[in-house]
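# Coordinates in review
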Amino acid sequence: MQKQKLLYKGKAKSVYETEDNDLLILHFRDDTSALDGKRIEQLARKGVVNNRFNAFIMQKLADAGIETHFEKQLSEDEVLVKRLDMIPVECVVRNFAAGSLVRRLGLEEGQALTPPTYELFYKDDALGDPMVNESLSISLGWATEAQLTRMEELTHQVNEVLKALFEAGDLILVDFKLEFGVFHDRIVLGDEFSPDGCRIWDKTTKKKLDKDRFRQSLGDVIEAYEEVASRIGVPLS
Ligand code: ADP
Ligand code: UDP
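Residues numbered from 1 in each chain as written. Chains lettered and ligands numbered in written order. Predicted model: local features only at pLDDT ≥ 70, side-chain atom pairs only at ≥ 80, totals over all residues. Heavy atoms only, no water.

## Observations regarding unusual backbone geometry
The omega angle of the peptide bond from T114 to P115 is -5°, so this bond is cis rather than trans. Inspection of the secondary structure assignment puts P115 in strand 9 (residues 112-122). Even without being glycine, D220 reaches a positive phi, approximately 50°. Along the chain, the position of D220 falls in the loop between helix 5 (212-215) and helix 6 (221-232). Taking relative accessible area as the criterion, D220 reaches 52% and is therefore assigned exposed. (Helix = DSSP H or I, 4+ residues; strand = E, 2+ residues; numbered from the N terminus. Buried < 20%, exposed > 50% of the residue type's maximum accessible area, 1.4 Å probe, protein only.)

## Topic: the site of ligand 2
Around ligand 2 there are 17 residues in total, and R94, S100, D129, D175 and R199 lie nearest to it. Take R94: an N or O atom from its side chain is 2.7 Å from an oxygen atom of ligand 2. Between an oxygen atom of ligand 2 and a side-chain N or O atom of D175, the distance comes to 2.6 Å. Summarising the interface, the protein chains cover 83% of the accessible area of ligand 2, which totals 500 Å² for the free molecule. (Near = heavy atom within 4 Å. Polar contact = N/O pair within 3.5 Å; in protein donor to acceptor, adjacent residues only side chain to side chain. Areas by Shrake-Rupley, 256 points an atom, 1.4 Å probe, with all protein chains shown as cover.)

## Considerations on the sheet that holds strand 6 (residues 70-75)
Pairing is antiparallel in the open sheet, where 5 strands are placed in the order 1-2-3-7-6. Edge strands, defined here as strands with exactly one partner in the open sheet, are strand 1 (6-9) and strand 6. Each neighbouring strand pair of the sheet contributes to a mean axis angle of 25°, computed without reference to strand direction. Pairing of strand 6 with strand 7 (residues 78-82) involves 4 bridges; the strand directions are antiparallel. Note that in strand 7 the partner of K72 across the bridge is L80. (Pairing = 2+ DSSP bridges. Axes fitted to C-alpha atoms, helices over the stretch in contact; angles between N-to-C directions.)

## Overview of the site of ligand 1
Residues in contact with ligand 1 amount to 16 residues; listed here are only the nearest, Y8, K11, A12, K13 and K123. Measuring from an oxygen atom of ligand 1, one finds a side-chain N or O atom of Y8 at 2.7 Å. Here a nitrogen atom of ligand 1 and a side-chain polar atom of H69 are 2.8 Å apart. If you list the elements that add at least two residues to the shell around ligand 1, you get strand 2 (13-17) and strand 7. Partitioning the shell around ligand 1 into residue classes produces 7 nonpolar, 2 polar and 7 charged. (Nonpolar A, V, L, I, M, F, W, Y, C, P; charged D, E, K, R; others polar.)

## What about the packing of helix 1 (residues 46-63) against helix 6?
Look at helix 1 against helix 6: their axes get within 10 Å of each other, and the N-to-C directions meet at 25°. One way to sum up the angle between helix 1 and helix 6 is to call them roughly parallel. Once helix 1 is placed against helix 6, the crossing between them reads as left-handed. On the side of helix 1, the interface is formed by K46, V49, N50, F53, F56 and I57, while helix 6 contributes I222, Y225, E226, V228, A229 and I232. Residue classes in the contact of helix 1 with helix 6 are distributed as 9 nonpolar, 1 polar and 2 charged. (Parallel < 35°, antiparallel > 145°, perpendicular 65-115°, else oblique. Left-handed = near helix turned anticlockwise from the far one by under 90°. Contact = heavy atoms within 4.5 Å.)

Functional significance is not addressed by these values, which are geometric in nature.
The structure is reproduced here in C-alpha cells:
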C-alpha cells in the first residue's frame, strides 16, 4: 500500500490517503508538542518508538475484542489504518489524579480515583481542548447519545485491559486519552495509544515515564518511553 495525497499534517503524525478509500496511512514523526502545539521539538526515535508501541497496544486491544482502526504496521514509522470519520471529542479516563484535573480541583497528584473518572474534551487546539460533556456533544452534533455511550463503555474496557498490562510491568497507568471515529456505522478506536497520550509511573518510585517528561522538561523522554516498552514487552527492533 502506497502513500498518496497528504490529507492532514497533525502535531505528531501525518495522515495520507491510499489507493483504497477505506484505508489511510499514518506516519509517526519525531515532532513532540506541548501547550496545544505552541511548543514543538524533535525527539530522535520518537516516531519509531510510538509506532511500535501503538501497534503492540492496538493488537492487545483487538485480542480483547475491542475494535480498532489498526490494520498493519507498514514500516518502522508508518501504520495502515481504517479511515474513520473522527469524532472531535477526546475521551479521558483517570485512575489517579494528575495534570488538568489536579489544576482544576486543587487535588494532590497521585490521589486514587475510585472508580476511575471519565471526562470529555473538545479537540480544538485554538481553544485549548476545553472540557465538554455529553449534552454539549449531542447538541453541537459531534456525536449521538448512542455513540457517546459506546465510547464511554469502550474507554473503560480499554482501561481494564491496559491497567493489567502495565501492572504486569510494575507500572501504574495513571490516565489516558482516546479518540474514536465512525467506520461503516460502527464506533471504532482510532488515533494512537502511546506514552504521548497517557501517564505512566513506575509503581515503586512513581517516576514519570510518559510525555510529562517533555511537558515538565525532566529529560530522557524517549529513554523513558523505551523503558516502558521493554517492561511491557513491546518489540523495539
Ligand atoms: P493532532 O491532530 O492532535 O495534531 P496528530 O498529529 O496525531 O494529532 O494527527 C493525527 C490526526 O489523524 C488526528 O487529527 C486524528 O484525529 C486523526 N486520525 C487518527 N486516526 C484516524 C483514522 N483512523 N481516520 C481518520 N483520521 C484519523
Ligand atoms: N491528553 C492527550 N492529548 C490532549 C490532552 C490530554 O493525549 O490534547 C492526555 C494526557 O497525556 C493525559 C490525559 O490525556 O494522559 C489527561 O490529560 P489532562 O486532562 O490531565 O491534560 P494535560 O494536563 O495533560 O494537558
